[in-house]
Structures are given as structure tokens and as C-alpha cells.
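Residue-level structural notes
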Amino acid sequence: MENYKMVAKTLFGFEELLAKELTQLGAQNVEQGTRVVNFIGDKGFMYKANLALRTALKILKPIKTFKAFNDNSLYDGIQKIDWSQYLNEYKTFVVETTLHSEHFNHSQFVALKTKDAIVDQFRDKTGKRPNIDKDFPDLRIHVHIDRDLVTVSLDSSGESLHRRGYKTATNIAPINEVLAAGMLLLSGWDGTSHFIDPMCGSGTILAEAAMIACNIPANINRKEFAFEKWQDWDSELFDKVLESLLKKTREFHYTITGYDKAPSAVSKAKDNIHNANLDEYITIRQANFFESEKMTDGPLHMVFNPPYGERLDIEMERFYREIGDTMKQKYPNTNAWFITANLEALKFVGLRPSRKIKLFNGKLEARFAKYEMYAGSKRTKFQTEDND
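Just so you know, these numbers come straight off a predicted model, no measurement behind them. For every chain, the first residue of the written sequence is number 1, and numbering continues from 1 onward in sequence order. Local features are withheld for residues below a pLDDT of 70 in this predicted model, meaning they are given only at 70 or higher, and side-chain atom pairs are given and counted only at 80 or more; totals for whole chains, interfaces and linings count all residues. Note: side-chain values were computed over all heavy atoms of the structure, leaving out hydrogens and water.

Quick look at the overall build of the chain
Secondary structure elements follow DSSP: runs of H or I of four or more residues count as helices, runs of E of two or more count as strands, with numbering from the N terminus. When helices and strands are counted, the chain shows nine helices and 15 strands. Here the globule rule reads 2.2 Å times residues to the power 0.38, and the radius of gyration is calculated from C-alpha atoms. Here the C-alpha radius of gyration of the chain, 23 Å, is about what a compact globule of 388 residues would show, namely 21 Å. Summarising its shape, the C-alpha atoms of the chain cover approximately 80 × 45 × 40 Å along the three principal directions. Only heavy atoms enter the contact rule, under which two residues are in contact if any of them lie within 4.5 Å. Of the contacts made within the chain by residues no fewer than 6 positions apart, 76% connect residues no fewer than 24 positions apart. Here, Shrake-Rupley sampling with a 1.4 Å probe gives the accessible areas, and only protein chains in the shown set may cover a residue. By element, 45% of the accessible surface of the chain is carried by carbon and sulfur atoms, the whole surface being about 18500 Å². Only four residue types enter the tally: Lys and Arg on the positive side, Asp and Glu on the negative side, with His and both chain ends excluded. Every charge is mapped onto a representative atom, which is NZ of Lys, CZ of Arg, CG of Asp or CD of Glu. Charge-centre separation for the chain: the mean point of 53 positive side chains lies 2 Å from the mean point of 53 negative side chains.

Here's what the structure looks like:
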């Protein structure tokens, strides 16, 4: 099979993680950009990347680059692509755009011009035309314009890869699955200790933690990928790729526990964990973190997403002080990490983080902070604050 260039899109701060994931999967010529990682692979690797990558949002396959300075040169460039390789007049498609250009500043206009060029090509050749379908298209086309450079790609993923397929129930402020997986990887979670999420919400961090621990492909529960509607779709190859990934799953010998004080959250989390077929690895119960204590011997890995006042009404100063007090007094020998978009709130924890990593939760700038809880008198030793 021929190799070709592909682009994996990701969240800010996860580029290095994604590059490492791609390298470990077997990608060639891996190069990091901003929120993207470029790589080379074949069709089977494209299937594997969509199935297995934890920190990717999309896998794009570029098919043409050209220069355009106005709507005419954009139309001409799109027309020079032989669209019959990817579509026919009875299929449907949609155009999505990303623009960083003085020449083009209206995404809908670029999408419309692209659509016109494709439709006109088919109408001129066959007298018929493919239609637009924004919801369930046969082909998703991505147009990226950086100044005057146009890159036309096929979107092999379809819906964003953070939509793993196991989450049917969410709470007020759910965390994105890719963000959860990236946080876990940044925290060093590898399944070699007990794990707890003491504010588990709808269970996303728990599910991602179990899949990392057992090396289960991130998107094993997805219903479909966009490439399944491509003209060169190879179901036998896909099955072989999936089978080879499933052979690499591993045993997990510790516990993964989730707490939430809201009965509705516990119920939703249990549903989602069941949907992900991860019940055997994860225990969820109703409990208030501030009234809890460490229940396991040996090291404990803790990752959580506390509320920070954007969509949940809490008394910020007292809440974050209680987080610090609980970790310090009740959770010795624990590596604790949490994310917050309330940068002021970190001051109230009363402990100095040993690391702070800048991330974004949606559009909100956030910090992912690490607190090392030592056993006995060493509890606060080495807790020095890194610069932002």
C-alpha cells in the first residue's frame, strides 16, 4: 500500500504527547506543529490512528495544495482536483474550513466556493451533481487556508475523535475525552498503581484511565469513522488492524475508583462505564471527597476536574482550601493532579504545586497542577512552585 502524508489535529499542549503516540504506533516522519502533528503512513495506519490515538481530534488526509489569492483562484484550484476519485454524482459531501488569511476571512464563503467548483465539475461531465449533506455526508472535505496556501484534505474521522461512543449521559460541566486522556498521560498515569478520581462527574477520566491502563484502543466503542464511506474502504484490512490492536491489550492489577457526592452523577458515570465495557476495572460510589480518606496501601494516583465556578455555583475560596486540606491530611503517598480554569483558585489550596501545565478546557485557559503528598513527615517536602 502506498504511503502518504496525514495530519492529526489535537488540543493546545498535547502536541508532544500525540507525536509520541504516533511514533509508538509506527508512524513515519512525525513532525509537531501547533495543535497538529504531521506524519506519514498507509491506509492501514490511517485506520489504526483513528482507532488507537488518545490525544487526536481528527485525522486528515491532504490531497492537494495550491496558492490562491481570491475567489477565482480558489475555484480554479479546487476544479483541478479529479473529484471522481473520491465522489460520484449520487453521493453527498460537506465542506469544512479553517482560515488564517487576509485574502479569505469568511469561512462560509470559502465552503460555498469549494462546493460550487466540485458540483460544476460533476455537472459538466455527467449532467448530474452530488448534493450537500451537513449531518451524514459520504465525504467530508476540509479546506485549510494559511495566508495564500490552500490545503485540501479528506477528513477520515468524521465526528471529532473525542466522541468515543461510550458517553450517553453527561453532567453540567463534562470534560472532553481527549482532554481527559491527555491529562492522564501528562500526569504519568500508566496503570502501575491504584487510581482515584474523587470528583468523577460522568466518569470520563475513569474510563480513559482504564483504557490507558489496559492499553485498550481509545475509539473501540465508536459506531463509525468517515473513512468507512470512502470509495477505497477496505473492511477486511480494518478488521485486521482492529484485531492486531486488541491483541496488545494488557492485564490491570490495581483498582480504579470514582467518587461523586451527587447521586445523579454516580448514576450517569456508572451508565457510561458500562457502555464502555469497563465495569470490571472501575468502582464508583457516592461519597464526598472532603469526608473521604485514602483506602489503599502503597502509592495512589489521583486525577480530577473540580468545579471552578463557570457553570457550577460553589464558594470558591472555601472549596479549594478544602481540596488542599483533604489531600494533605487524608491522602498520604499520593500523586494528585487537577485542572482548573480559575487561576485564582489555586492560591487557596494551601499547598505549592510541584508542576503547573498550561492547557485549555474548551476556550478557557486552565492550569493542570500536580501536588505530591508524601507519607508521614515528608508530606510537604519538595513542594516548590514552578513558574507558569
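Things to note about the UniProt feature "domain: THUMP" (unreviewed entry) in the chain
UniProt positions are given in the numbering used here, feature names are shortened, and annotations may be inferred rather than shown by experiment. When the UniProt feature table is mapped onto this chain, "domain: THUMP" (unreviewed entry) is found at residues 45-156. Span residues 45-156 is 33% helix and 32% strand, its end C-alpha atoms 12 Å apart.

Overview of helix 2 (residues 43-52)
The buried fraction of helix 2 is high, at 10 of 10 residues. Taken as a whole, helix 2 has its buried residues at Lys-43, Gly-44, Phe-45, Met-46, Tyr-47, Lys-48, Ala-49, Asn-50, Leu-51 and Ala-52. Of the surrounding secondary structure, the elements contacted by the buried residues of helix 2 are strand 1 (4-9), helix 1 (15-25), strand 3 (36-41), strand 4 (58-67) and helix 7 (235-246). Think of a polar contact as two N or O atoms within 3.5 Å of one another; within protein, one of them needs to be a possible hydrogen donor and the other a possible acceptor, and neighboring residues in sequence only count if both atoms come from side chains. Where helix 2 begins, the side chain of Asp-42 points an oxygen toward the backbone nitrogen of Gly-44, at a separation of 3.2 Å. Only protein chains enter the accessibility calculation, which uses a 1.4 Å probe; a residue is then buried when its area is under 20% of its type maximum, exposed when over 50%, and partly exposed in between.

Looking at the side chain of Lys-43
With respect to the helices and strands, Lys-43 occurs in helix 2. The buried category is assigned to Lys-43, whose relative accessible area is 15%. Setting aside chain neighbours within four positions, we find Lys-43 in contact with Met-1, Glu-2, Tyr-4, Asp-232, Asp-234 and Leu-237.

Focus: helix 3 (residues 71-79)
Taken together, the buried positions of helix 3 are occupied by Ser-73, Leu-74, Gly-77 and Ile-78. The buried residues of helix 3 all sit within an arc of 135° when viewed along its axis, so they share a single face. Elements in contact with the buried residues of helix 3: strand 4, helix 4 (107-126), strand 7 (139-146) and strand 8 (149-155). Looking at where helix 3 begins, the residue whose side-chain oxygen comes 3.1 Å from the main-chain nitrogen of Asn-72 is Asn-70. It is the directions from the helix axis to the C-beta atoms that the arc portrays.

Here's the deal with the sheet that holds strand 15 (residues 364-373)
On the basis of which strands lie adjacent, the open sheet formed by seven strands has the order 11-10-9-12-13-15-14 and mixed pairing. At either margin of the open sheet sits one strand with a lone partner, and together these are strand 11 (282-286) and strand 14 (355-361). With direction set aside, neighbouring strand axes in the sheet form an average angle of 20°. As paired elements, strand 14 and strand 15 share seven bridges and run antiparallel to each other. By this definition, two strands are paired if DSSP reports at least two bridges between them. Axis angles are defined between N-to-C directions and span 0 to 180 degrees, where every axis is a line fitted to C-alpha atoms and, for a helix, only to the segment in contact.

Section: unusual backbone geometry
With a phi close to 50°, Asn-29 is a non-glycine residue in the positive phi region. Structurally, Asn-29 is set in strand 2 (residues 28-32). Judged by relative accessible area, which is 54%, Asn-29 ranks as exposed. Residues other than glycine seldom take positive phi values, yet Asn-333 does so here, at roughly 55°. Taking the relative accessible area as the measure of exposure, Asn-333 reaches 33% and is therefore partly exposed.

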